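# Report on the structure
Chain residues, written in single-letter form:
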Amino acid sequence: MAERFFAIIDPGRKRPTNQDQAAAVELRDGRVLLVVADGVGGVPGGEIASAAALKAVQRVLAHHDFADPRAALAHAVLEANRMVRVAALEDERLALMATTLVVVTVDGPDAWVANAGDSRAYRFRAGALERLTEDDSWVAEEVRAGRLTEEAAAQHPRRNVITRAVGSEAHFAVDVFHHPVLPGDTLFLCTDGLYQALPEAVIASVLAFGAPARDTAVRLVELANEAGGPDNIGIALLQA
Ligand code: MN
């Protein structure tokens, strides 16, 4: 039987390296962990930051007892922040490295979501794709303030400027949000390399087709690359 969760990374067509990370794994007691991370560009070490963050999250959540899922997730994100900063101390060229991070744990009807940066989590339900995260980005703040439209933000020259990232600051405030999950929902995480290449309507149409998780992820990567593949692509999804 096909797994109901899957993760994939792809370099895209334009970038020489891949700084995205993604994981979809089953934890103890059948909980599923979904993660994507996108190393911040413009400074060295993005791929090191995203890999360190993913590793820290997986390590913490593999062993956490989950009596309090909100605390478990917050702890995992703080540990990712700490580990990126520890790695940055080892080489002064890496001092400014950081990464976006989206972490989702799913326990039956409950999903817990935390994020930093402009990678996203969505819930696809009954044909509609709903964003569960708010981008920590300059353009998203302008949209929330009513100074930019979503359409203008998507084309804006500053659309890649993020305002919060894992590893950037010693003190990191983690917000964890709870979202109910119904049978038939898809929880879908992706980096900006996917949603900047493909309109949300296209992502929704692929999810609506209802192919197995692996086929769905592979198809979205193909479509992003057909659209030019301007950036690395990271996807993690779970069909509830
Ligand atoms: Mn990216």
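That block above? That's the structure.
Residues numbered from 1 in each chain as written. Predicted model: local features only at pLDDT ≥ 70, side-chain atom pairs only at ≥ 80, totals over all residues. Heavy atoms only, no water.

### Considering the nonpolar core
Ranked by size, the top nonpolar core spans 33 residues in total, and within it Val57, Leu61, Leu101, Val103 and Val166 carry the most contacts. Among the elements of the structure, strand E3 (32-39), helix H1 (46-63), helix H2 (69-89), strand E4 (99-107) and strand E5 (110-116) are those that each provide at least two residues to this core. Here this core takes nine residues from H2, the largest share from any one element. Setting aside its immediate chain neighbours within four residues, leucine 61 contacts Leu27, Leu33, Phe66, Ala72, Leu73, Ala76, Val103 and Thr105. (Core = buried A, V, L, I, M, F, W, Y, C linked by side-chain atoms within 4.5 Å. Buried < 20%, exposed > 50% of the residue type's maximum accessible area, 1.4 Å probe, protein only. Helix = DSSP H or I, 4+ residues; strand = E, 2+ residues; numbered from the N terminus. Contact = heavy atoms within 4.5 Å.)

### Side note on the sheet that holds strand E6 (residues 120-125)
Read from one edge to the other, the open sheet built from five strands follows the order E1-E10-E9-E6-E7, with strand pairing classed as antiparallel. Sheet topology places strand E1 (5-10) and strand E7 (128-131) at the edges, where each strand pairs with a single neighbour. The average angle at which neighbouring strand axes cross in this sheet is 20 degrees, direction not considered. The strands touched by helix H7 (residues 213-226) are E1, strand E9 (186-190) and strand E10 (233-239); relative to E10, the strand with the most contacts, the crossing angle is about 150 degrees. (Pairing = 2+ DSSP bridges. Axes fitted to C-alpha atoms, helices over the stretch in contact; angles between N-to-C directions.)

### A short note on the sheet that holds E4
What the five strands build is an open sheet, ordered E2-E3-E4-E5-E8; its pairing is antiparallel. Here the strands that pair on one side only, and so sit at the sheet edges, are strand E2 (20-26) and strand E8 (176-180). Averaged over neighbouring strand pairs, the angle between their axes works out to 15 degrees when direction is ignored. Relative to E5, E4 runs antiparallel, the two sharing seven bridges. Each residue of the ladder has a partner; that of threonine 105, found in E5, is tryptophan 112. Contacts from H1 reach E2, E3 and E4 within the one sheet, and its direction differs from that of E3 by about 165 degrees.

### Topic: the pairing of E7
Examined bridge by bridge, E6 and E7 share four bridges and lie antiparallel to one another. Bridging across to E7, arginine 125 finds its partner in alanine 128. Counting the residues between successive antiparallel strands, the hairpin from E6 to E7 contains two residues, one of them, alanine 126, with a positive phi of roughly 50 degrees.

### Observations regarding the packing of helix H6 (residues 200-209) against H7
Each packed pair of helices is defined by two parameters, the angle between the axes and the distance between the axes. H7 packs onto H6 with a crossing angle of 150 degrees between their chain directions and a minimal axis gap of 10 Å. By the angle between their axes, H6 is roughly antiparallel relative to H7. Where H6 crosses over H7, the two elements pack in a sense that is right-handed. The segment H6 lies against H7, with Val202, Ile203, Val206 and Leu207 engaging Thr216, Arg219, Leu220 and Leu223. Its residues placed into classes, the contact of H6 with H7 shows six nonpolar, one polar and one charged. (Parallel < 35°, antiparallel > 145°, perpendicular 65-115°, else oblique. Left-handed = near helix turned anticlockwise from the far one by under 90°. Nonpolar A, V, L, I, M, F, W, Y, C, P; charged D, E, K, R; others polar.)

### Concerning the packing of aromatic side chains
Within the structure shown, the criterion is met by one aromatic pair. A ring pair is formed by tyrosine 122 and phenylalanine 188, whose centres lie 6.3 Å apart and whose planes are at 45 degrees; its orientation type is tilted. Note that tyrosine 122 is positioned in strand E6 and phenylalanine 188 in strand E9, a separation of 66 residues in sequence. One exposure class covers both tyrosine 122 and phenylalanine 188, and it is buried. The residue whose ring lies beneath arginine 120 is tyrosine 195, and the NZ or CZ to ring-centre distance is 3.5 Å. (Phe/Tyr/Trp six-rings, centres within 6.5 Å; stacked < 30°, edge-to-face > 60°. Lys NZ or Arg CZ within 6 Å of the ring centre and 35° of its normal.)

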